[in-house]
Amino acid sequence: AVAGTAVLFAAIATVGAQPGQQPQKIAVPNWLDDEGKDIFKDLEDDENIYGDNSCELREKLLKKMAGKGEKDASDHRARVLLGLGLCTFRKGDYTMSKKRLESAISEMNFPSEDWMLQNQQVAHLALIKQAAVFMSRHEITQASTALRRCREILDRNLKKILKQVHKQMGAQGQSPPLENIVEELAGYGKTGQFLPMIMKQVPVLSQDLSFSELVDQALDNLDRRIAGLDPSLKAKKLRLDTSKGKGTSKGSLMYVRSLPTEAVVSAERSAAVQEFISNGGIDALKEEVAALEKGMTLIKRTKESSGCKEGKGLEKTCKALNAVADIAANGFGETRVVMVKAGKQQVLDVCETNANIAILIAAKDGATAKIKGFAEPVTLSAGEPVVIDFCREVTLEASSGVPVLFAQAWHPEFAALERSTELRARSKNFELSEDDVKAATKVVNDYAKKNWEKAAALWRKDSEGHASIKASFENEISEKKKAADDVAEAKRLEEDAGDEEKQKKLEELELKRAEKRKKAEAAEQLRLKRKQQLEEERAQRDPWLNFPSVLAAETHLAELKEARRDANAKLEFDLSTQLTKDIAAAERALKKTTKTAMKLHKKGGTAADDATAKGKTAASEAEDKEETAEEKKVEKK
């Protein structure tokens with residue numbers, strides 16, 4: 001039923017090539033003219049598959065193939081169009097990329113895009129096309145999900161090919177461990193002991209590895225741009241992107257690129273919350289946990305825990321939780337009831353992955369949640385769910401004892417393909433048997449077939465965070481276009497400067513620029529004036545804050561923070577970590593210096609006294625040492 005794909009996948013046959021033999025290559029079409037044949041050969045020999053030169057060669061080759069009706073002409077055009085679609089995607093021209101990829105898929109004559117998504121061999125082609133569509137609309141999180149799914153399919157296809165190659169090598173008794181070869185995929189065949197040699201015999205690996213590298217670069221770029229809008233993403237990456245494991249085994253921490261979460265999310269946007277409510281979970285929770293005296297774990301890494309055992313009195317709550325796929329099949333973290341005691345702070349567990357969200361439901365009134373980076377404490381009213389990003393530090397408080405359900409669920413924009421992959425890859429670390437993994441992945445896949453896309457759409461509905469990201473990307477494109485238009489207009493006017501009328505237009509443009517500069521200068525003067533006003537108000541309110549020692553400490557702290565911002569922008573994480581420690585020390589020093597200056601002021605001292613002070617009294621030194629010791633004790637704790 002499917003035609004037009006022979007050339008696109010012909011290279012897969014090269015897995016049968018034996019070491020020492022020449023690798024099989026796609027034959028040059030006889031119906032091309034001499035120039036076209038030369039272009040075809042040059043393209044096949046270019047190692048930088050999606051580089052600028054290869055992309056130019058494809059443009060020329062497509063013109064040579066246009067209108068050809070030979071049997072395999074459609075196959076070759078599909079291959080060239082696919083390459084052009086990836087070239088334009090790499091350059092950021094997503095509208096043209098969408099057009100090229102749609103043309104390539106049309107030439108392949110597949111039954112439908114849904115059919116492609118159900119077939120692993122070609123699913124990545126449909127997904128990269130979807131990513132281009134979403135990027136052209138500035139729907140960034142949807143594009144990110146499509147790219148991550150595309151990358152996972154490519155990874156599976158590469159491992160499948162390597163498994164076939166390994167089998168051929170094993171038949172000759174000269175194969176290294178398959179795990180060692182698979183580990184080298186991260187270097188895209190550019191580094192390693194085995195993969196660069198295998199690629200010479202299996203050209204399809206070069207194409208798919210270059211495709212994978214292109215997708216990884218796109219995801220990394222989106223992750224950096226989103227992190228510029230959501231600062232919490234940087235901290236998550238530093239903490240979570242450290243547990244990758246080796247071979248097929250992975251650790252318990254996982255960072256997912258380009259997957260932001262707002263600090264607090266309305267419960268109406270969470271399908272998991274709505275399912276829990278419809279299952280009678282709220283009423284069951286309020287009824288069953290009222291008599292609890294201590295917290296209990298209900299679900300841990302997809303399996304029921306002690307709190308759900310018979311006789312614990314939480315049967316209805318556990319049944320409602322197990323009916324929510326996003327909670328029941330979540331391999332990371334656990335779902336439990338937390339007992340928040342009166343007057344005591346209860347710090348919640350921090351996430352093991354940013355692909356999780358937390359659902360808080362208080363059984364009684366009187367509890368609040370403080371979320372780091374969020375301005376106001378969140379009130380937890382009885383029976384009213386609140387969805388939060390618990391990758392940020394979350395602290396619960398209550399005026400009296402309050403049981404709170406702390407449920408951890410999959411992030412709605414983390415796809416089923418990704419969930420099942422991570423469950424299998426981390427089964428050893430999560431202590432999941434083969435039967436446990438099969439049961440959990442079945443729940444994931446069954447839910448995804450009917451509800452995942454709806455749940456993801458509901459999550460994005462009326463989201464200020466998603467709207468902010470989209471607006472930022474749109475503004476960036478508009479600014480770049482405007483800047484390019486201004487440059488082009490200025491260049492055009494300069495080239496025609498000899499013409500009196502056009503010279504006049506050039507002068508008008510310069511006047512506009514001067515007026516713009518004038519407005520900018522006025523705004524800067526207004527800012528400086530406001531800054532001076534604030535400094536004067538500060539000097540009147542707290543005179544000691546203008547003492548030389550305090551100003552020097554503040555300047556030093558500001559310099560360290562600026563250095564850390566530069567380090568983060570350059571992804572120098574080791575330097576950023578050290579600067580974070582230096583900033584903490586500088587903040588303590590500033591606090592201490594401010595206290596000293598305040599004491600000097602209260603004793604009648606002035607800024608001049610602060611600048612000329614050479615020492616302290618024995619009493620003040622003792623007091624400062626006591627404060628420093630106390631601060632270190634708190635920090636160590």
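Just above sits the structure.
Residues numbered from 1 in each chain as written. Predicted model: local features only at pLDDT ≥ 70, side-chain atom pairs only at ≥ 80, totals over all residues. Heavy atoms only, no water.

## Comments concerning the overall build of the chain
When you go through the chain residue by residue, the secondary structure sums to 24 helices and eleven strands. Considering the chain as a whole, with its 637 residues, one finds that 44% of them fall into the buried category. Pairs at least 24 residues apart make up 69% of the contacts formed inside the chain by residues separated by at least 6 positions. Accessible surface, the chain: about 34,200 Å² in total, of which carbon and sulfur atoms supply 50%. (Helix = DSSP H or I, 4+ residues; strand = E, 2+ residues; numbered from the N terminus. Buried < 20%, exposed > 50% of the residue type's maximum accessible area, 1.4 Å probe, protein only. Contact = heavy atoms within 4.5 Å. Areas by Shrake-Rupley, 256 points an atom, 1.4 Å probe, with all protein chains shown as cover.)

## So, the packing of aromatic side chains
Following the criterion strictly, the structure yields six aromatic pairs and no others. With centroids separated by 5.0 Å and ring planes inclined at 80 degrees, the aromatic side chains of phenylalanine 332 and phenylalanine 430 adopt a geometry described as edge-to-face. Here the residue phenylalanine 332 occupies a position in the loop between helix H16 (325–328) and strand E4 (334–340), and phenylalanine 430 occupies one in the loop between helix H17 (416–425) and helix H18 (434–460), the gap between them amounting to 98 residues. The same class applies to phenylalanine 332 and to phenylalanine 430, which are both buried. On the numbers, 5.5 Å between centres and 25 degrees between planes, the contact of tryptophan 410 with phenylalanine 414 is stacked. (Phe/Tyr/Trp six-rings, centres within 6.5 Å; stacked < 30°, edge-to-face > 60°.)

## Let's talk about the pattern of salt bridges
Per the counting criterion, the structure on display carries 40 salt bridges. Here arginine 392 and aspartate 230 are joined by a salt bridge, their closest N and O atoms 3.8 Å apart. One end of the pair, arginine 392, is in the loop between strand E9 (386–388) and strand E10 (394–398); the other, aspartate 230, is in the loop between helix H11 (203–229) and helix H12 (232–240), with 162 residues separating them in the sequence. Glutamate 413 serves as the salt-bridge partner of arginine 460, at 3.0 Å between the closest nitrogen and oxygen. One end of the pair, arginine 460, is in helix H18; the other, glutamate 413, is in the loop between strand E11 (402–410) and H17, and 47 residues separate them in sequence. Each member of the salt-bridge network shares a partner with another, and the members are Arg151, Asp216, Asp220 and Arg257. (Salt bridge = Lys/Arg side-chain N within 4 Å of Asp/Glu carboxyl O.)

## Topic: the packing of helix H5 (residues 94–108) against helix H7 (residues 120–136)
Contact geometry of H5 with H7 gives a least axis separation of 8 Å together with a crossing angle of 150 degrees. Compared by their axis directions, H5 and H7 come out roughly antiparallel. You can see that H5 and H7 cross each other, and the crossing is left-handed. Of the residues in H7, those touching H5 at Tyr94, Thr95, Ser97, Lys98, Leu101, Glu102, Ile105 and Met108 are Leu125, Ile128, Lys129, Ala132, Val133, Met135 and Ser136. (Axes fitted to C-alpha atoms, helices over the stretch in contact; angles between N-to-C directions. Parallel < 35°, antiparallel > 145°, perpendicular 65-115°, else oblique. Left-handed = near helix turned anticlockwise from the far one by under 90°.)

## Looking at the sheet that holds strand E5 (residues 346–347)
The strand order E5-E10-E7-E8 describes an open sheet built from four strands, whose pairing is antiparallel. At either margin of the open sheet sits one strand with a lone partner, and together these are E5 and strand E8 (378–380). Across five bridges, strand E7 (residues 367–371) lies against E10 in antiparallel orientation. Counted as the bridge partner of alanine 369 is leucine 396 from E10. (Pairing = 2+ DSSP bridges.)

## Things to note about the state of the cysteines
Counting across every chain of the model gives three disulfides. One disulfide in the model links cysteine 308 with cysteine 318; its S-S distance is 1.9 Å. On the sign convention where negative is left-handed, the bridge of cysteine 308 and cysteine 318, at about -95 degrees about the S-S bond, is left-handed. Of this pair, cysteine 308 sits in the loop between strand E3 (303–304) and helix H15 (315–322) while cysteine 318 sits in helix H15, placing them ten residues apart in sequence. Per residue, the accessibility class of cysteine 308 equals that of cysteine 318, and both read buried. (Disulfide = S-S within 2.5 Å.)

## Here's the deal with the sheet that holds strand E6 (residues 356–362)
Reading across the sheet, the seven strands line up as E1-E9-E6-E11-E4-E2-E3 and stay open at both edges, with antiparallel pairing between neighbours. Among the strands making up the open sheet, the edge pair consists of strand E1 (264–265) and E3.

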